[in-house]
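So the chains spell out like this:
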Amino acid sequence: MQVNHLLEENSIAGKFVAQLRDVDIQKDRMRFRRNIERLGEILGYELSKQLKFSAKNIKTPLGNAEVQLPENEIVVCSILRAGLPLHNGLLNYFDDAENSFISAYRHHPNNDEHFEIVVEYLASPSLEGKTLILADPMLATGGSFVNVMKALKQMGTPKEIHLVAVIGAEEGINLLEKEFPEDSKLWIATIDKELNDRGYIIPGLGDAGDLCYGGKLQH
C-alpha cells in the first residue's frame, strides 16, 4: 500500500489539524465539521494527481483550448457518521462522483476495552471497475476500514481503491497494509504513534462523531 502522509511537509493543513485537536476550539461543532471538510478538499486534491487524465478540446468565447480532464468513474463512500463532513469535502472536488454510505460502529459487548466493529447499513451503487474513495476521518485500529471493505464486496470489484483519513495510528496503517491490495493508496493528513486500551488514537482528538454531531446513547 502506498501511504501518502500530507503533513510530512508543512502546509496550511497543519492549522486545520491543530484546530481539530485543540480541546477548546473543537467545542465549536460547526468549525470542527468545516475543518474536516477542508481537509477532505485538500486530500482530494492530492489524490486527484494520481487519477487518469485525457485530453479534450473545448470551445471558449475567443477560440479553442485543449484541457486535461479525469476519466475515472469515482464512487465516494463514507463511514457514518463522522465520515460525512469528510465526504462533503471530497464531493466539493469530485462533484460528479457517485455516492455510497455505510455504517460502522464499535460494539463493546462486555462494556470493557474489547470491542467489535459492527456494520448495519449500506447504500451503494455498483463498484465494478470504478475508482473507490473510502473515507473515515479516524483510522485507529483499522478495523472499520477492513470490515467496511468486506461488506462492499457484494457491490463489485473496484478498479482502484483510495482510503482517505484525517488522523491515523501506526497500528491501524499496519493492518491496512496487510488486508488491502498492494496497489491501494492511503491519503492521510497526520499519523500518531499510539492507541490507548480502548482503541482510541493518542494524542488524537477524541470521538470525531460526537465532536461533529453531539453525544449519543450507548446501545
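Owing to the predicted nature of the structure, the values given are computational and were not obtained by experimental measurement.

Asks: Could you clarify how one ought to interpret the overall build of the protein chain in this entry?
Replies: Scanning the protein chain for helices and strands turns up six helices and 14 strands. Relative to its length of 219 residues, the protein chain is compact, with a C-alpha radius of gyration of 18 Å against a globular reference of 17 Å. Overall, the C-alpha framework of the protein chain stretches about 65 × 40 × 30 Å when taken along its three principal axes. Looking at the protein chain residue by residue over its 219 residues, the buried ones come to 45%. Restricting to contacts in the protein chain with at least 6 residues of sequence separation, those with at least 24 account for 64%. Surface exposure of the protein chain reaches about 11,600 Å², of which carbon and sulfur atoms provide 48%.

Asks: Where do I start with the environment of Gln50 in this structure?
Replies: For Gln50, the location among the structural elements is in the loop between helix 2 (29–48) and strand 2 (53–60). You can call Gln50 partly exposed: its relative accessible area is 32%. Spatially, the C-alpha atom of Gln50 lies 32 Å from that of Leu211, the residues being 161 residues apart in sequence. Residues contacting Gln50, with those up to four places away along its chain left out, are Gln2, Asn4, Lys185 and Trp187.

Asks: How should I be thinking about the packing of helix 1 (residues 13–21) against helix 2 in this particular structure?
Replies: For any two helices packed against each other, the geometry comes down to the angle between their axes and how far apart the axes lie. One can describe the packing of helix 1 onto helix 2 by two numbers: an axis separation of 9 Å at closest approach and a directional angle of 150°. When the interaxial angle is binned, helix 1 and helix 2 end up roughly antiparallel. Seen from above, helix 1 lies across helix 2 with left-handed handedness. Each of Ala13, Phe16, Val17, Gln19 and Leu20 in helix 1 lies in contact with helix 2, whose residues at this interface are Arg31, Phe32, Asn35, Ile36, Arg38, Leu39 and Ile42. Partitioning the contact of helix 1 with helix 2 into residue classes produces eight nonpolar, two polar and two charged.

Asks: What am I meant to see in the nonpolar core here?
Replies: Generally speaking, nonpolar side chains in soluble globular proteins are found buried as a group. Of all hydrophobic cores here, the largest spans 33 residues; its most connected members are Phe32, Leu39, Phe94, Ile133, Val164, Val166 and Leu205. For this core, the secondary-structure elements that each account for two or more residues are helix 1, helix 2, strand 4 (74–80), helix 3 (83–93), strand 9 (131–135), strand 11 (160–169), strand 12 (185–192) and helix 6 (208–213). If sequence neighbours within four positions are ignored, Val166 has contacts with Leu20, Ile36, Leu39, Leu86, Asp136, Pro137, Ile188, Ala189 and Thr190. Leu132, Phe145, Leu176 and Ile188 belong to the second-largest nonpolar core, a separate cluster that totals 23 residues.

Asks: I would appreciate a short explanation of the state of the cysteines in the present structure.
Replies: Note on terminology: disulfide describes a covalent bond linking the sulfur atoms of two cysteines. The final tally for this structure, using the stated rule, is zero disulfides. Here Cys77 is not cross-linked by a disulfide; its sulfur's nearest cysteine counterpart is in Cys212, at 17 Å. Judged by relative accessible area, Cys212 falls into the buried class, the value being 0%.

Asks: Whenever I open this one, the side chain of Asp136 confuses me. Can you help?
Replies: Along the polypeptide, Asp136 turns up in the loop between strand 9 and strand 10 (138–139). Here Asp136 is in contact with Ile79, Leu86, Ser144, Phe145, Val164, Ala165 and Val166, once residues within four sequence places are set aside.

Cut-offs used in this document
- Residues numbered from 1 in each chain as written.
- Predicted model: local features only at pLDDT ≥ 70, side-chain atom pairs only at ≥ 80, totals over all residues.
- Heavy atoms only, no water.
- Helix = DSSP H or I, 4+ residues; strand = E, 2+ residues; numbered from the N terminus.
- Rg over C-alpha atoms; globule rule 2.2 N^0.38 Å.
- Buried < 20%, exposed > 50% of the residue type's maximum accessible area, 1.4 Å probe, protein only.
- Contact = heavy atoms within 4.5 Å.
- Areas by Shrake-Rupley, 256 points an atom, 1.4 Å probe, with all protein chains shown as cover.
- Axes fitted to C-alpha atoms, helices over the stretch in contact; angles between N-to-C directions.
- Parallel < 35°, antiparallel > 145°, perpendicular 65-115°, else oblique.
- Left-handed = near helix turned anticlockwise from the far one by under 90°.
- Nonpolar A, V, L, I, M, F, W, Y, C, P; charged D, E, K, R; others polar.
- Core = buried A, V, L, I, M, F, W, Y, C linked by side-chain atoms within 4.5 Å.
- Disulfide = S-S within 2.5 Å.

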